[in-house]
Amino acid sequence: MLPVPGLAHQLLSSRAREQCLTSLPHCDITEALLKERDKQAKWNGIPLLLQKLYENSHPNSDFSQCQSILKEISPLLSMEAMAFVTEDRKAAQESTFPNTYTFDLFGGVDVMFWKLCNELVSYFCFIVSDDLIKDCLSILYNTCICTEGVTKRLAERNDFVLFLFTLMTNKKTFLQTATLIEDILGVKKEMIQLEDIPNLASLVSSFDQQQLANFCRILAVTISELDTGSDDKHTLLAKNAQQKKNLCPSRAEVNQATLLNIPGFVERLCKLATRKVSETTGTSNFLQELEEWYTWLDNALVLDALMRVANEEAEQSSTESSDESGLANTSTRTQLPQSMKIMHEIMYKLEVLYVLCVLLMGRQRNQVHKLIAEFKLIPGLNNLFDKLIWRKHSASALVLHGHNQNCDCSPDITLKIQFLRLLQSFSDHHENKYLLLNSQELNELSAISLKANIPEVDAVVNTDRSLVCDGKRGLLTRLLQVMKKEPAESSFRFWQARAVESFLRGATSYADQMFLLKRGLLEHILYCIVDSECKSRDVLQSYFDLLGELMKFNIDAFKRFNKYINTDEKFQIFLNQINSSLVDSNMLVRCITLSLDRFENQSDIKVAEVLSECRLLSYMSQMSMRMSFLFRLINIIHVQTLTQENVSCLNTSLVILMLARRKDKLPFYLHTLQEMEYTEKYPGFILNNFHSLLRFWQQHYLNKDKDSTCLENSSCISFTYWKETVSILLSPDRTSPCAIVSYIDEAYMDIDRDFTEE
């Protein structure tokens, strides 16, 4: 840290930072002495410039003089800001950036805030030039990124943050304002309320499409729930306790509703998301924006990539046209390369897709679904799939400086992931998922149902054919095609599997499963799990979840499975992958258990044949295997560590016991668990834990706000039966053969522990 010189110490200790400069004219230190101290401390004249700026910051002052002073200050700060960014934003030491430190130390931020941005622009906006506002914003931003604590201080002033939004009405200062707002909101402890922004609807309606896309960067911070940053806060106990405290909608939810009340907002986002590169604005506007980006160093990496691509293409064009006139060469340099146009569009679509995705997961989900279906978001994305979203690109075209082609920071890769997240949110438990198909593919679903002599799914029949994908392939089919070509190490595998799985979620549809089976999805998944021996836990979990939805209750799928896993060696590899992490594979275990139970109750010859031949079904039909899974599922989870990720283990263990109850074997299962406890020399440990888990289950799932249809749809077991089974297991009657307490010796009883997290 810079040592605080005598003058600075005198000013800071005697008055508040805001009043620092006002004392300069009245202090006894002469200008000559100040200049002398300036040379010794290497302040680069900043305190004197700030004093002059303050003196010229009154309504009757000469604004041209004010702007002249700002022009002197700005380069001193921008040089340090550029150095800060190009060093990949390493932890900044104040001694590394003495100019911004000195500027802030002598009250420069307060001058910008109070004397210029607040007073002058608020009350004398008609006589303050755009350049002066730009300079103020630029200086503030550069100080924020180089000097620790400045951004947080500005964020604490809610009136200042809201005031900044009013500057966005000026197209010439929009980008600078938006970038500063984004940084401030990123550190603000409490989320702002969009409804507090003056004339928000008219402000948004005044934005052109480029401005609206950039505005989505700001909106992303205001509509996403704040991350607590602590894993224990993500436990279901903590979430349930938080929900009890916060009965009202969160600020993020209120902000989402505020946006949806803006006329035409979702429609404009859909148009932006589906706009083709050829429909973007002209070269001159974009080049002007690039020039402004140069000042806004938050986008320096993007600019770096853009300009590198531009230079490469300009050099190539210059070589090819070396024999042409100088005028032609000049024209080449001013034209915007196609690759830069694509990069531009990718950056915009990233922000827009993120906002749409968050809205799709919010409380107004059905309203958003209706709107994006009406405005044909899905057909539009389908038309962009090959040329933009999943296009082939050169090795250097869209890779940022300091990153590689497979880095998640690459705009190309980030766009793909955001696209897949949107598909996942769109398809999950919603009948609009069939908009991912085209008319021919919908007809194929109908034909599958007809051939199997089962009723068509109502959602397929009711799908508006004018809103589905056009062309030879729908979006789901296109996704399957790229999914099967994805390299083993690809970061997309997880998101691709999640997006396809979301299409299958909900009530099990034989037609949906067969549609995907006919396209080789099951064989692809098994190849990835068994032949490539996937090691990524996240990817494996997504594959197991998808495989479970694909095979559930589908005898054809199990037949295909057995045809692919045709050796003991392959089957053992598959089992090893399942057993390596039950948290990841438990949904598949649930699928096999449920399917086996249904098949065993059918008298069909085809089913009987598959039952006798399928390695997987034969394996799960062994009581010892089911008990082994049940024991481990209960053992790997505890109430205090339950999360949205692993609570499925509890529900899978319940499914096993509900099926046992149907066959009057519940007492046998509980007695076997007791015996396994003693074998492991932990009497009471598993059953006490299970008792606590079921008590939590009642608190969690019997909440009036909790949707139980997911449990019903995933198991085809009524929620009433779920509740009854849990109540029977938790019965305090030690004489009941179906009560857990009957199998815990009194010496090891520990069922009354309070696990409520305050």
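A quick note: this is a predicted structure, and the numbers were derived from the prediction, not measured.

### What about the overall build of the chain?
- When helices and strands are tallied, the chain shows 40 helices and zero strands.
- For the chain, buried positions account for 55% of its 758 residues.
- When contacts within the chain are restricted to residue pairs at least 6 apart in sequence, those whose partners lie at least 24 apart make up 77%.

### Some points on the packing of aromatic side chains
- Summed over the entire model, instances satisfying the criterion amount to 20 aromatic pairs.
- Centre to centre, the rings of Y619 and F629 are 6.5 Å apart; their planes meet at 75°, and the pair counts as edge-to-face. In this pair, Y619 sits in helix α34 (residues 615-620) while F629 sits in helix α35 (residues 623-635), placing the two residues 10 residues apart along the sequence.
- Residue classification places Y619 among the buried residues on the basis of a relative accessible area of 16%.
- For the cation-ring pair, K416 lies above W390, with the distance from its terminal atom to the ring centre recorded as 5.4 Å.

### Overview of the packing of α35 against helix α37 (residues 666-679)
- Contact geometry for α35 and α37: axes closest at 11 Å, N-to-C directions at 70°. Taken together, α35 and α37 sit at an angle that is classed as roughly perpendicular. Between α35 and α37 lies a crossing whose hand is right-handed. In this structure, α35 uses M623, R626, M627, S628, L630, F631 and I634 to contact α37, whose residues at the interface are F668, Y669, T672, L673, M676 and E677.
- Looking at the contact of α35 with α37 residue by residue, the classes come out as nine nonpolar, two polar and two charged.

### Quick notes on the pattern of salt bridges
- Using the criterion set out here, one finds 25 salt bridges in the structure.
- Residues K71 and D135 are paired through a salt bridge, measuring 3.2 Å at the closest nitrogen-oxygen approach. One end of the pair, K71, is in helix α4 (residues 63-86); the other, D135, is in helix α7 (residues 130-146), and 64 residues separate them in sequence.
- For E444, the salt bridge identified is with R519, shortest N-O distance 2.8 Å. In this pair, E444 is assigned in helix α23 (residues 439-451) and R519 in the loop between α27 (510-517) and α28 (521-531), connecting sequence segments 75 residues apart.
- For R519, a relative accessible area of 22% translates into the label partly exposed.

### Re the environment of E267
- Looking at the element boundaries, E267 is found in helix α15 (residues 265-274).
- Residue class for E267 comes out partly exposed when judged on its relative accessible area of 28%.
- Taking the C-alpha atoms as reference points, E267 and L377, separated by 110 residues in sequence, lie 9.0 Å from one another.

### What to know about the packing of α27 against helix α29 (residues 537-551)
- As a packed pair, α27 and α29 sit with axes 8 Å apart at the nearest point and diverge in direction by 120°. Between α27 and α29, the angle falls in the class oblique. In this structure, α27 uses Q513, L516 and L517 to contact α29, whose residues at the interface are E549, L550 and M551.
- In terms of residue class, the contact of α27 with α29 is built from four nonpolar, one polar and one charged.

### What to know about helix α32 (residues 582-600)
- Bending of α32 peaks at approximately 30° at the position of L588.
- Across the 19 residues that make up α32, a large majority, 15, are buried.

### Structural notes on the nonpolar core
- Counting residues in each nonpolar core, the largest one holds 225 residues, and the members touching the most others are F165, M168, F215, F265, F419, L516 and F574.
- When residues in this core are grouped by element, the largest group, 14 residues, is from helix α19 (residues 338-360).
- The residues touching F419, leaving out its near neighbours within four places in the chain, are L353, L381, F385, I389, W390 and L475.

### Thoughts on unusual backbone geometry
- Although it is not a glycine, D664 sits at a positive phi angle of roughly 60°.
- Within the secondary structure, D664 is located in the loop between α36 (647-662) and α37.
- The class for D664 is exposed, based on a relative accessible area of 68%.
- The backbone of C716 shows a phi angle near 60°, a positive value even though the residue is not glycine.
- As for its placement among the helices and strands, C716 is situated in the loop between α39 (709-715) and α40 (719-729).
- Relative accessible area serves as the criterion here: at 43%, C716 is assigned to the partly exposed category.

### A word on the side chain of T151
- Mapped onto the elements of the fold, T151 is located in helix α8 (residues 150-155).
- Taking relative accessible area as the criterion, T151 reaches 11% and is therefore assigned buried.
- For T151, the residues in contact, after removing those within four places along its chain, are C144, D183, I184 and V187.

### Some details on the environment of D458
- Following the sequence through the fold, D458 ends up in helix α24 (residues 458-462).
- The class for D458 is exposed, based on a relative accessible area of 58%.
- Counting along the chain gives 27 residues from D458 to E431, while the straight-line C-alpha distance between them is 8.9 Å.

### Some remarks on the confidence of the model for the chain
- The pLDDT averaged across the chain works out to 82; a share of 78% of its residues lies at or above 70.
- Taken element by element, the chain is modelled with least confidence in helix α1 (residues 6-14), mean pLDDT 33, and with most confidence in α27, mean pLDDT 98.
- Under a pLDDT of 50 for its full length, residues 290-309 has, in the predicted model, 57 contacts with residues more than four places off or in other chains.

### Regarding α28
- Counted residue by residue, α28 has eight buried out of 11 residues, so it is predominantly covered.
- Within the sequence span of α28, burial applies to L521, L522, H524, I525, L526, C528, I529 and V530.
- Looking one or two residues beyond α28, the residue adopting positive phi is E533, at roughly 45°.

### Quick notes on the environment of I636
- Mapped onto the secondary structure, I636 falls in the loop between α35 and α36.
- Once the C-alpha coordinates of I636 and V583 are considered, the two residues, 53 residues apart in sequence, prove to be 8.0 Å apart.
- Discounting chain neighbours no more than four positions away, the residues touching I636 are L582, V583 and C649.

Conventions and cut-offs
Residues numbered from 1 in each chain as written. Predicted model: local features only at pLDDT ≥ 70, side-chain atom pairs only at ≥ 80, totals over all residues. Heavy atoms only, no water. Helix = DSSP H or I, 4+ residues; strand = E, 2+ residues; numbered from the N terminus. Buried < 20%, exposed > 50% of the residue type's maximum accessible area, 1.4 Å probe, protein only. Contact = heavy atoms within 4.5 Å. Phe/Tyr/Trp six-rings, centres within 6.5 Å; stacked < 30°, edge-to-face > 60°. Lys NZ or Arg CZ within 6 Å of the ring centre and 35° of its normal. Axes fitted to C-alpha atoms, helices over the stretch in contact; angles between N-to-C directions. Parallel < 35°, antiparallel > 145°, perpendicular 65-115°, else oblique. Left-handed = near helix turned anticlockwise from the far one by under 90°. Nonpolar A, V, L, I, M, F, W, Y, C, P; charged D, E, K, R; others polar. Salt bridge = Lys/Arg side-chain N within 4 Å of Asp/Glu carboxyl O. Bend = angle between axes of the 7 residues up to and from the residue. Core = buried A, V, L, I, M, F, W, Y, C linked by side-chain atoms within 4.5 Å. pLDDT = per-residue confidence, 0-100.

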